[in-house]
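Coordinate inspection notes
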Amino acid sequence: MADFRLRVTYAETGRLVMLSHLEIARALERAVRRAGLPYAVSQGFSPHMKQSFGSALPVGVGGLEEIFDVSLTDYVSPEEALARLQAVSAPDLMPHAACYITKDEVAASAAYPRSTYEVLVEARLGEESCDDVLSAARALTLPAEIVVVRKKKERVLVPAEFMVGALEIEPAEPGEEGQSRARLRFTLESKATGSLRPDVLLEHMLDGTGLRAASILRTKQSEISKA
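Residues numbered from 1 in each chain as written. Predicted model: local features only at pLDDT ≥ 70, side-chain atom pairs only at ≥ 80, totals over all residues. Heavy atoms only, no water.

Re the overall build of the protein
Within the protein one finds six helices and ten strands. Overall, the protein is about 60 × 40 × 40 Å in size when its C-alpha atoms are taken along their principal axes. In the protein, which comprises 227 residues, the proportion classed as buried is 41%. For the protein, the computed accessible surface area is about 12,800 Å², with 51% contributed by carbon and sulfur atoms. Between the centroid of the 27 positive side chains of the protein and the centroid of its 32 negative side chains there is a distance of 7 Å. (Helix = DSSP H or I, 4+ residues; strand = E, 2+ residues; numbered from the N terminus. Buried < 20%, exposed > 50% of the residue type's maximum accessible area, 1.4 Å probe, protein only. Areas by Shrake-Rupley, 256 points an atom, 1.4 Å probe, with all protein chains shown as cover. Lys, Arg positive; Asp, Glu negative; His and termini not counted. Charge placed at Lys NZ, Arg CZ, Asp CG, Glu CD.)

Structure (structure tokens):
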């Protein structure tokens, strides 16, 4: 049976950032079905659509360049496949690119170990000037260690081991209610031994600063440079 691997790039924004990764995966599967694409089905006692999803976003974190792969039994041009998917997708979960990849290419789940995030921070309580918020943001530092609990087991993570490049901080446009904001930009790299979630990092970075994360957005995913 022919196996055409279609890679779809989509944006997860708006209210749908509050969905879990499993809920997003189900929504994307339904979109493929509604689009009438000739998807391949796995063998065995529990047949299911042959798909692979990119690294999961934490609940509340959006993404502009999210990906998933779906295997098709027949060739459909990428342009037609994209148009079909766009016609049946919600605005906040909208595909914007599609292409075929070879069997030699890494699956979506491991294709891009580096994630770049943009975060809008604002005062947690009351009103502060842009200079105050910006100054507080510029004073932020990476915690030396973060203790996380997963499956009842504690693990100590060192943020510096996951951070790629420097933490960038710049002024941002005011919020809808006129509150001052600053923009943070940083890149985290997933390791074979684990990863550091952006929301967990920000929780520890902003603790005691009077700032809160108004939004967290993954703007780009990338491979590790071989240079």
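So, the pairing of strand β3 (residues 61-72)
Along β3, ten of the twelve residues are buried, which leaves the element largely enclosed by surrounding structure. Bridging between strand β1 (residues 4-12) and β3 involves eight bridges; their strand directions are antiparallel. Bridge pairing in β3 links T9 to I67. Sheet topology note: the strand β2 (residues 51-53)/β3 ladder contains three bridges and is antiparallel. Note that in β3 the partner of S52 across the bridge is D69. One ladder, built from three bridges, connects β3 with strand β10 (residues 211-222); its direction is parallel. Its bridge partner being in β10, V61 is matched across the sheet by I216. (Pairing = 2+ DSSP bridges.)

Focus on the pattern of salt bridges
Applying the stated criterion to the full structure yields 16 salt bridges. The partner of R185 in a salt bridge is E168, and the shortest N-O contact between them spans 3.0 Å. One end of the pair, R185, is in strand β9 (residues 181-189); the other, E168, is in strand β8 (residues 163-172), and 17 residues separate them in sequence. Here R185 makes a salt bridge to E170, at a shortest N to O gap of 3.4 Å. Taken together, the residues span a long stretch of sequence, with R185 in strand β9 and E170 in strand β8 at a distance of 15 residues. (Salt bridge = Lys/Arg side-chain N within 4 Å of Asp/Glu carboxyl O.)

Here we look at the nonpolar core
In this structure, V119, V121, L184, F186, L188, L196 and L201 are the most contacted members of the largest nonpolar core, which totals 27 residues. If we ignore the near neighbours within four places in the chain, the residues touching V121 are V133, A137, S180, R181, A182, L184, L206, L211, R212, A213 and A214. (Core = buried A, V, L, I, M, F, W, Y, C linked by side-chain atoms within 4.5 Å. Contact = heavy atoms within 4.5 Å.)

Examining helix α6 (residues 198-206)
Within α6, seven of the nine residues are buried, leaving the element largely enclosed by the surrounding structure. All of the buried residues in α6 are P198, D199, V200, L201, L202, M205 and L206. Where α6 is buried, its residues meet β5 (114-123), β6 (146-150), α5 (159-162), β8, β9 and β10. The positive-phi residue at the C-terminal boundary of α6 is G208, with phi of around 80 degrees.

With respect to helix α2 (residues 78-88)
The complete set of buried residues in α2 reads P78, A81, L82 and L85. An end-on view of α2 places all buried positions within 95 degrees of arc, on one side of the element. Opposite the buried face of α2, by more than 90 degrees, sit the exposed residues E79 and A87. Of the surrounding secondary structure, the elements contacted by the buried residues of α2 are β1, α1 (21-34) and β4 (93-101). (Arc of directions from axis to C-beta.)

What to know about the side chain of R5
With respect to the element layout, R5 can be found in strand β1. Here R5 falls in the buried class, since its relative accessible area comes to 14%. Polar side-chain contacts of R5 include one of 3.1 Å to the backbone oxygen of T102. A polar atom in the side chain of R5 sits 3.5 Å from the backbone oxygen of K103. (Polar contact = N/O pair within 3.5 Å; in protein donor to acceptor, adjacent residues only side chain to side chain.)

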